[in-house]
Amino acid sequence: MNSILVVDDHPEARSWLVDISLRAFRGASVIAAATLAQARERMRGTHLDLALVDLGLPDGNGSSLVTELARRSPETFLVVTTIFDDDHHLFTALAAGAGGYLLKDEPEDQIIDRLQGILRGNPPLAPGIARRILRHFQDQAMQPLARRPTIGKGALLSDRETEVLALLAKGLNRTDVARVLNISPNTAAGHVKAIYRKLNVSGRAEATLEAVNLGIVDPPA
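Residues numbered from 1 in each chain as written. Predicted model: local features only at pLDDT ≥ 70, side-chain atom pairs only at ≥ 80, totals over all residues. Heavy atoms only, no water.

K.L.:
How should I be thinking about the overall build of the chain in this particular structure?
P.N.:
Tallying secondary structure elements over the chain gives 10 helices and seven strands in all. For the chain, the residues scored as buried account for 46% of the 221 residues in total. Put simply, 61% of the contacts in the chain that link residues at least 6 apart link residues at least 24 apart. For the chain, the exposed surface amounts to about 11300 Å²; the carbon and sulfur share of it is 52%. (Helix = DSSP H or I, 4+ residues; strand = E, 2+ residues; numbered from the N terminus. Buried < 20%, exposed > 50% of the residue type's maximum accessible area, 1.4 Å probe, protein only. Contact = heavy atoms within 4.5 Å. Areas by Shrake-Rupley, 256 points an atom, 1.4 Å probe, with all protein chains shown as cover.)

Here it is, written out as structure tokens:
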């Protein structure tokens, strides 16, 4: 991680997160901002490897910035750092595109370890948050398929990502997906990467299975 954005309106928390970022990734360049507007101004023209974003900011919700970054820079790893551990804030942040969710009341050594785990392919999640996510999907699995929420409405994927997933599940490759949706191959590749990250899958076969489970495509006859 060479370039990191930290957004938090509380000076002490912001300084603490900057310090944690530098301890987790020595030599990294850290941009700090107190508001959404300041973050947008300071990160302009800068490639970000990692963004740590608080939710409750003076000029809006940090999830809006997560959404912007997820669409504009899908290669940036997005982590929400917050004091809110309820389902509403958690799933809103994940739906916006966050790949991690850390609570600021965790010991800093554990936060550093979880951030470093990104390089090992481990999503940075507090244990209580991970259990909450598992329980959410276990509850969904217990519901009849017809009662499960559709993925394009309030779940993890955006409408465009749902379209891309449906095409992937039908056997189209990234070039074909780009042609069908009239988008560039790079944009299609970015959507595929975001889908894999949000569904926690590593390939087309697993993504297709998730598409069937979520009711996006019909199971093979």
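K.L.:
Hey, could you run me through the pairing of strand β2 (residues 29-33) in this one?
P.N.:
Side-chain positions along a regular strand alternate between the two faces of the sheet. Pairing of strand β1 (residues 3-7) with β2, which is carried by five bridges, proceeds in the parallel orientation. For S3, the partnering residue across the bridge sits in β2 and is S29. (Pairing = 2+ DSSP bridges.)

K.L.:
Quick question: what am I supposed to make of the pattern of salt bridges here?
P.N.:
Opposite charge on two side chains makes pairing possible when the charged atoms of those side chains draw close. The final tally for this structure, using the stated rule, is 12 salt bridges. Put simply, R23 and E108 hold a salt bridge, and the shortest N to O gap is 2.6 Å. Here the residue R23 occupies a position in helix α1 (residues 11-24), and E108 occupies one in helix α5 (residues 108-116), the gap between them amounting to 85 residues. Taking relative accessible area as the criterion, R23 reaches 30% and is therefore assigned partly exposed. On the basis of relative accessibility, which here comes to 28%, the residue E108 falls in the partly exposed class. Two residues, E41 and R44, come together in a salt bridge whose shortest N-O distance is 3.2 Å. For R44, a relative accessible area of 60% corresponds to the exposed category. It is possible to trace a salt-bridge network through shared partners that takes in D19, R23, E108 and D109. (Salt bridge = Lys/Arg side-chain N within 4 Å of Asp/Glu carboxyl O.)

K.L.:
How should I be thinking about the sheet that holds strand β7 (residues 100-103) in this particular structure?
P.N.:
Sheet strands pair via backbone hydrogen bonds, and the direction of the pair is either parallel or antiparallel. Read from one edge to the other, the open sheet built from five strands follows the order β2-β1-β3-β6-β7, with strand pairing classed as parallel. Two strands in the sheet have a free side with no partner beyond their single neighbour: β2 and β7. Along the sheet, successive strands turn relative to each other by an average axial angle of 20°, direction set aside. One ladder, built from four bridges, connects strand β3 (residues 50-53) with strand β6 (residues 77-82); its direction is parallel. By the bridge assignment, L52 is partnered in β6 with V79. (Axes fitted to C-alpha atoms, helices over the stretch in contact; angles between N-to-C directions.)

K.L.:
Is there a simple way to explain the packing of helix α7 (residues 159-169) against helix α8 (residues 174-181) in this structure?
P.N.:
How two helices pack is summed up by the angle between their axes together with the distance between the axes. Where α7 contacts α8, the axes come no closer than 10 Å and their chain directions differ by 130°. Here α7 is positioned oblique relative to α8, judged by the angle of their axes. Judged by the twist between their axes, the crossing of α7 over α8 is right-handed. Here R160, E163, V164, L167 and L168 of α7 come into contact with α8, specifically with V177, V180 and L181. Of the residues in the contact of α7 with α8, the class split is six nonpolar, no polar and two charged. (Parallel < 35°, antiparallel > 145°, perpendicular 65-115°, else oblique. Left-handed = near helix turned anticlockwise from the far one by under 90°. Nonpolar A, V, L, I, M, F, W, Y, C, P; charged D, E, K, R; others polar.)

K.L.:
I keep staring at the environment of M1 and nothing clicks. Help me out?
P.N.:
If you trace the backbone, M1 turns up in the segment before β1. Spatially, the C-alpha atoms of M1 and A24 are 9.1 Å apart, while their sequence positions differ by 23 residues. In contact with M1, not counting residues within four places along its chain, are F25, A28, D49, L50, I118 and L119.

Any functional reading would require information beyond the geometric quantities listed.
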